[in-house]
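Chains, contacts and geometry: an overview
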Amino acid sequence: MLLRYYGDPVLRTRAEKIAEITPDIVKLAQDMIETMIAHNGVGLAAPQVGKLLRIYIFRDEWQDEQGEYHLGEPQVAINPELSSPSRESVEMVEGCLSLPGVRASVSRPRKIHVRYQNLEGTWIDADFEGLLARVNMHENDHLNGVLYIDRTDPRDRQKVEEQLRRMKIP
Ligand code: NI
């Protein structure tokens, strides 16, 4: 699927709830998983492929004792509801497939509770921390028209916006 990039109004629009998990939604999820894998991402939200629907894909990534990176199975979250953020926050450098070539540090809660539907329509309750918590918060922001650069400190944001302007992304 074609990615939407910074400057595209679809990335700034709130996505709609998914009323029914139809075959079209299942197909969308599969296509989004393929797109995320093709771009080596750990998350992708529907607005990033031009669909204003409350669905995102995410996966874990970790390093083993030998320093080798591993990726977890892609998961699908439909109509996610985030709650109970930890009071403790952590800073981590983030990137986004819709803002290619730039990265910036963002402070977010260390843990988050996520309630979401899977592709069968079953509601799942999950507690995430570390990278998975971060990815869920980053992708859920996309469903509300929010980008990670909105959450960086203003100086970082200015730097990133200058870089994006210079790059003239597609
Ligand atoms: Ni993103």
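Conventions and cut-offs
Residues numbered from 1 in each chain as written. Predicted model: local features only at pLDDT ≥ 70, side-chain atom pairs only at ≥ 80, totals over all residues. Heavy atoms only, no water. 1 Å grid on protein atoms, 1.4 Å probe; cavity = no way out; pocket = protein on both sides within 12 Å on 5 of 7 lines; lining within 4 Å. Points joined across faces, edges and corners; volume = space filled by probe spheres on them. Helix = DSSP H or I, 4+ residues; strand = E, 2+ residues; numbered from the N terminus. Nonpolar A, V, L, I, M, F, W, Y, C, P; charged D, E, K, R; others polar. Core = buried A, V, L, I, M, F, W, Y, C linked by side-chain atoms within 4.5 Å. Buried < 20%, exposed > 50% of the residue type's maximum accessible area, 1.4 Å probe, protein only. Contact = heavy atoms within 4.5 Å. Expected span 1.5 Å × (residues − 1). Polar contact = N/O pair within 3.5 Å; in protein donor to acceptor, adjacent residues only side chain to side chain.

A separate point is the layout of surface pockets. Here the largest pocket defines a volume of roughly 510 Å³. Along its surface, the largest pocket is lined by 22 residues, and V42, E94, G95, C96 and R103 are the ones closest to its centre. Among the elements that make up the lining of the largest pocket, the one with the highest residue count is helix α2 (residues 130-143) (five residues). Class assignment for the residues of the lining of the largest pocket results in nine nonpolar, eight polar and five charged.

In this structure, M32, L44, I55 and V76 are the most contacted members of the largest nonpolar core, which totals 17 residues. Where this core is concerned, the elements lending two or more residues are α1 (23-38), β2 (55-58) and β5 (75-83). Take this core: its biggest share by element is six residues, from α1. Here L44 is in contact with L3, M32, T35, M36, V49, Y56, I57, L97 and E139, once residues within four sequence places are set aside. F58, A77, A133 and L143 belong to the second-largest nonpolar core, a separate cluster that totals 15 residues.

The first and last C-alpha atoms of helix α3 (residues 154-167) sit 20 Å apart over 14 residues, in line with the 20 Å expected at 1.5 Å per residue. One side-chain oxygen of the residue at the start of α3 lies 2.9 Å from the amide nitrogen of R155, identifying that residue as D153.

With that out of the way, let us pick up the environment of S105. Looking at the element boundaries, S105 is found in strand β7 (residues 104-109). Judged by its relative accessible area of 23%, S105 falls in the partly exposed class. C-alpha separation for the pair S105 and A38, spaced 67 residues apart in sequence, amounts to 25 Å. Among all residues touching S105, those that are not within four sequence positions of it are E91, M92, V93, T152 and D156. Within polar-contact distance, the side chain of S105 engages the side chain of E91 at 2.4 Å.

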